[in-house]
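Below are the chains, spelled out letter by letter.
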Amino acid sequence: MASSHPTSLVWLRDDLRLDDNPALSEAAEFGLPLTVVYVLDEASDGIRPLGGATRWWLHHSLAALAAALEANGSCLVLRRGPAAEAIKDLATETSATHLFWNRRYGLPERTVDAAIKEWAGNNGVQASSYQANLLFEPWTVRTGAGGPYKVFTPFWRSCLAGGEVREPLEPPRQLPSPATGESGGLPKSEDLHSWDLLPHSPDWSGGLADTWEPGEEGAGRRLDDFLDGPAEDYGTGRNVPGVEGTSRLSPHLRFGEVSPFRVWREIRRRFPHKIPADVGIFRSELGWREFCWHLLYTNPELATRNYRPEFDRFQWQSLNRSELAAWQQGRTGYPFVDAGMRQLWQTGWMHNRVRMAAASFLVKNLLADWRIGEEWFWDTLVDADAASNPANWQWVAGSGADASPYYRIFNPVTQSKKFDSAGGYLRRFVPELADLDGKAIHEPWKAGDVPGYPDPLVGLPESRERALEAYARLKD
Ligand SMILES: Cc1cc2nc3c(=O)[nH]c(=O)nc-3n(C[C@H](O)[C@H](O)[C@H](O)COP(=O)(O)OP(=O)(O)OC[C@H]3O[C@@H](n4cnc5c(N)ncnc54)[C@H](O)[C@@H]3O)c2cc1C
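Analysis parameters
Residues numbered from 1 in each chain as written. Predicted model: local features only at pLDDT ≥ 70, side-chain atom pairs only at ≥ 80, totals over all residues. Heavy atoms only, no water. Helix = DSSP H or I, 4+ residues; strand = E, 2+ residues; numbered from the N terminus. Rg over C-alpha atoms; globule rule 2.2 N^0.38 Å. Areas by Shrake-Rupley, 256 points an atom, 1.4 Å probe, with all protein chains shown as cover. Lys, Arg positive; Asp, Glu negative; His and termini not counted. Charge placed at Lys NZ, Arg CZ, Asp CG, Glu CD. Near = heavy atom within 4 Å. Polar contact = N/O pair within 3.5 Å; in protein donor to acceptor, adjacent residues only side chain to side chain. Nonpolar A, V, L, I, M, F, W, Y, C, P; charged D, E, K, R; others polar. Domains from an automatic or database assignment. Contact = heavy atoms within 4.5 Å. Buried area = accessible area lost by both parts, 1.4 Å probe. Salt bridge = Lys/Arg side-chain N within 4 Å of Asp/Glu carboxyl O. Buried < 20%, exposed > 50% of the residue type's maximum accessible area, 1.4 Å probe, protein only. Expected span 1.5 Å × (residues − 1). Arc of directions from axis to C-beta. Phe/Tyr/Trp six-rings, centres within 6.5 Å; stacked < 30°, edge-to-face > 60°. Pairing = 2+ DSSP bridges.

*Asks:* Can you explain the overall build of the chain? Please cite residues and give values.
*Replies:* Scanning the chain from N- to C-terminus turns up 19 helices and five strands. Computed over C-alpha atoms, the radius of gyration of the chain comes to 24 Å, within 12% of the 23 Å expected from 2.2 N^0.38 for 476 residues, which places it in the range of a compact globule. With the principal axes as the frame, the chain shows a C-alpha extent of 75 × 50 × 50 Å. Of the roughly 20300 Å² that the chain leaves accessible, carbon and sulfur atoms contribute 51%. Distance from the positive charge centre (51 side chains) to the negative charge centre (63 side chains) of the chain: 6 Å.

Here it is as structure tokens:
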């Protein structure tokens, strides 16, 4: 029998943290017995199934969250979707009268949430939602004409003109003890391992485990290490893939293990009088994240449809299997691209400068449809998110908002010489090239045969010319 006493239910999604979690804080304040649930939703209409790397991250993030909740006298209930069914069932089992969550911004997710809200309204359950994962909710940022922004700079200017963002909330001091379920004990929870989120046969996750610490504590450490160290040199450091010049907060932000409000606040706390220019650049990168969500909110099909419809006529070339495999496995013969693609495979992350070069190589030098690359990144990035991944791919392809101009074709050799001049990054991820000196390593084909390393997949001048012609045809 379900308990007849009123209880609260907090549904956590991409906000796997205790700090600055308005839904959790409100529910804790409310004081009713509290169930905290995460639903693995692979069954609701339109919700994009996670890729392999994000599944790995999710497993560890949920384990960390469960431990943190238990340390605070609560626990994490795990259920499988479809979310609407799982939430209704759990709310009924625990006699929940109040339901709390933090808002999400993709259309399929909003549709699920709206249906649950409607069900709650019809069943005497009060559903409340909060702003937690974006500093500026997409519908609040509008052009003078009332439409969505299509260009980053005025978008970000308009965000900042709205005044200071709110202060982050401290983690709840105490969490109410969990509600009881049907049997009078704790509500039933699935076993995290039974979700099979971790890879096996083969287990390719060793490099991810060596690189990352999923969970709120790991996120906090990253934030501190970055703000106490590389942040003040971010303007230069962010372009150099061989050094830790960026925050590497992206997967933590992706899963909401750190709140953007906390990041914002920590910047202010460390630099109370004047934010150094380099730190200001870092803050505007957070703005790009907001912009990507703004784009997804107004273009729900961002991962599958060209933002600029004229690109529907673009003649992408189909790659054969070995060409695609060469790009995916980092065997294009261009060390900068290959180092990036191998960094991605080994660690689940790639430096932004190299992402741009590797994506440009696929889309422009190989003329492959950007969606092919987007899907590969979706599967392999630990920070793959529904907004930033497609928005950035479309940016590189030129089909997106505020996109890179069509004639901008990253030259992987020039990029390599400029941003990894001594070749340290290349040597780390492409060990076949380790014996080449700092000059030869950027163009190994000039050094003759390098055992184990392939010849260039395409010539740079010819493939560039072919891309420029293909893009020029769009304007006819
Ligand atoms: C083809 C391509 C695909 C990408 N896919 C993703 C993705 O799936 N998820 C993702 O978070 N980022 C994506 N990015 C953006 C960017 O590469 C990463 O956010 C960044 O490399 C993450 O490293 P960091 O946390 O050290 O970034 P930092 O330089 O420390 O930046 C701080 C934060 O700002 C945000 N940010 C920075 N640059 C961007 C950007 N261009 N667009 C959106 N947000 C940004 C991220 O949340 C990041 O954690 C992609 C870029 C390209 C070119």
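*Asks:* Any details on the site of the ligand? Residues and values, ideally.
*Replies:* Among the 27 residues in the neighbourhood of the ligand, the closest are listed as Tyr234, Thr246, Ser247, Arg248 and Asn352. Between the ligand and the protein, one listed contact pairs an oxygen atom with a backbone N or O atom of aspartate 385 at 3.2 Å. Interatomic distance of 3.0 Å between a side-chain N/O atom of asparagine 392 and a nitrogen atom of the ligand. When the free accessible area of the ligand is taken as 810 Å², the share hidden by the protein chains comes to 97%. Here the shell around the ligand is built from residues that sort into 14 nonpolar, seven polar and six charged. Both domains that furnish three or more residues to the shell around the ligand are identified here as domain 2 (134-168 + 216-298) and domain 3 (309-475).

*Asks:* Describe the domain arrangement of the chain, naming the residues involved and giving the relevant values.
*Replies:* According to the domain assignment, the chain consists of domain 1 (1-133), domain 2 (134-168 + 216-298) and domain 3 (309-475). The centre of domain 1, based on its C-alpha atoms, is set 39 Å off from the matching centre of domain 3. Domain 1 puts nine residues into the contact, and the matching count from domain 3 is eight residues. Summing the contributions of domain 1 and of domain 3, the shared interface buries around 650 Å²; its carbon and sulfur component is 55%. Considering only the surface of domain 1 that becomes buried against domain 3, Arg48, Ala53 and Thr54 emerge as the three largest contributors, covering 66% of it. Note that glutamate 374 is salt-bridged to arginine 48, the shortest N-O span being 2.7 Å. At the junction of domain 1 with domain 3, the criterion picks out four residue pairs in polar contact (both at pLDDT 80 or more). Grouping the amino acids of the side of domain 1 that touches domain 3 by side-chain chemistry returns five nonpolar, three polar and one charged.

*Asks:* Can you tell me about the pattern of salt bridges, naming the residues and giving the values?
*Replies:* In the structure shown here, the tally under the stated rule is 30 salt bridges. For aspartate 20, the salt bridge goes to arginine 166, with nearest N and O atoms at 2.8 Å. Of this pair, aspartate 20 sits in the loop between β1 (7-12) and α1 (22-30) while arginine 166 is found in the loop between α5 (152-161) and α6 (206-211), placing the two residues 146 residues apart along the sequence. Where glutamate 443 meets lysine 417, a salt bridge forms, and the shortest distance between an N and an O atom there is 3.0 Å. In this pair, glutamate 443 sits in the loop between α18 (424-429) and α19 (460-474) while lysine 417 sits in helix α17 (residues 412-419), placing the two residues 26 residues apart along the sequence. The class for lysine 417 is partly exposed, based on a relative accessible area of 40%. Each of the salt bridges in this network shares a partner with another, and the network as a whole consists of Asp224, Asp228, Glu266, Arg269 and Arg270.

*Asks:* Tell me about helix α4 (residues 107-122), and name the residues and values.
*Replies:* Here α4 spans 23 Å end to end across 16 residues, near enough to the 22 Å set by a 1.5 Å rise per residue. Along α4, the residues classified as buried are Glu109, Val112, Asp113, Ile116, Trp119 and Ala120. For α4, the angular spread of buried residues about the axis comes to 120 degrees, placing them on one side. Residues of α4 that are exposed and angled more than 90 degrees away from the buried face: Glu118, Gly121 and Asn122. The secondary structure elements touched by the buried residues of α4 are β1, α3 (83-93), β4 (96-102) and β5 (126-130). Once α4 finishes, glycine 124 follows within two positions and takes phi at roughly 70 degrees, a positive value.

*Asks:* Pulling in residues and values, what's your account of unusual backbone geometry?
*Replies:* Between glycine 81 and proline 82 the backbone carries a cis peptide bond, its omega angle lying at 10 degrees. For aspartate 20, which is not glycine, the phi dihedral falls at a positive 40 degrees. Judged by relative accessible area, which is 0%, aspartate 20 ranks as buried. You will see that serine 201, though not glycine, has its phi angle at about 40 degrees, which is positive. The topology assignment puts serine 201 in the loop between α5 and α6.

*Asks:* Now, about the packing of aromatic side chains: what can you tell me, with residues and values included?
*Replies:* The final tally for this structure, using the stated rule, is 36 aromatic pairs. Considering the side-chain rings of tryptophan 11 and tryptophan 101, the 5.7 Å spacing of their centres and the 85 degrees angle between planes classify their relative orientation as edge-to-face. With tryptophan 11 in strand β1 and tryptophan 101 in strand β4, the pair connects residues that are 90 residues apart, well separated along the chain. Like tryptophan 11, the residue tryptophan 101 is buried in the burial classification. Seen from their ring centres, tyrosine 38 and tryptophan 195 are 6.2 Å apart, and the 45 degrees between their planes marks the pair as tilted. With a gap of 157 residues between them, tyrosine 38 in strand β2 (residues 34-40) and tryptophan 195 in the loop between α5 and α6 connect regions that are remote in the sequence. Assigned by exposure class, tyrosine 38 and tryptophan 195 land together as buried.

*Asks:* Explain the side chain of threonine 246 residue by residue, including any values.
*Replies:* Topologically, threonine 246 is positioned in the loop between α8 (234-237) and α9 (250-254). Judged by relative accessible area, threonine 246 falls into the buried class, the value being 15%. Contacts of threonine 246, omitting those with residues within four sequence positions, involve Phe226, Tyr234, Arg238, Trp349 and His351.

*Asks:* I'd like a rundown of the side chain of threonine 332, residues and numbers included.
*Replies:* Structurally, threonine 332 can be placed in the loop between α12 (321-329) and α13 (335-347). Judged by relative accessible area, which is 0%, threonine 332 ranks as buried. Only 2.7 Å separates the side chain of threonine 332 from the side chain of aspartate 338, close enough to count as a polar contact. Non-local contacts of threonine 332, meaning those with residues more than four positions away in its chain, are made with Ala326, Trp327, Val337, Asp338, Phe361, Asp455, Pro456 and Leu457.

*Asks:* How would you explain the pairing of β4 if you had to name every residue and give the values?
*Replies:* Counting buried residues along β4, six of its seven residues qualify, which places the element largely inside the surrounding structure. Looking at chain direction, β1 and β4 are connected through five bridges and run parallel. By the bridge assignment, valine 10 is partnered in β4 with phenylalanine 100.

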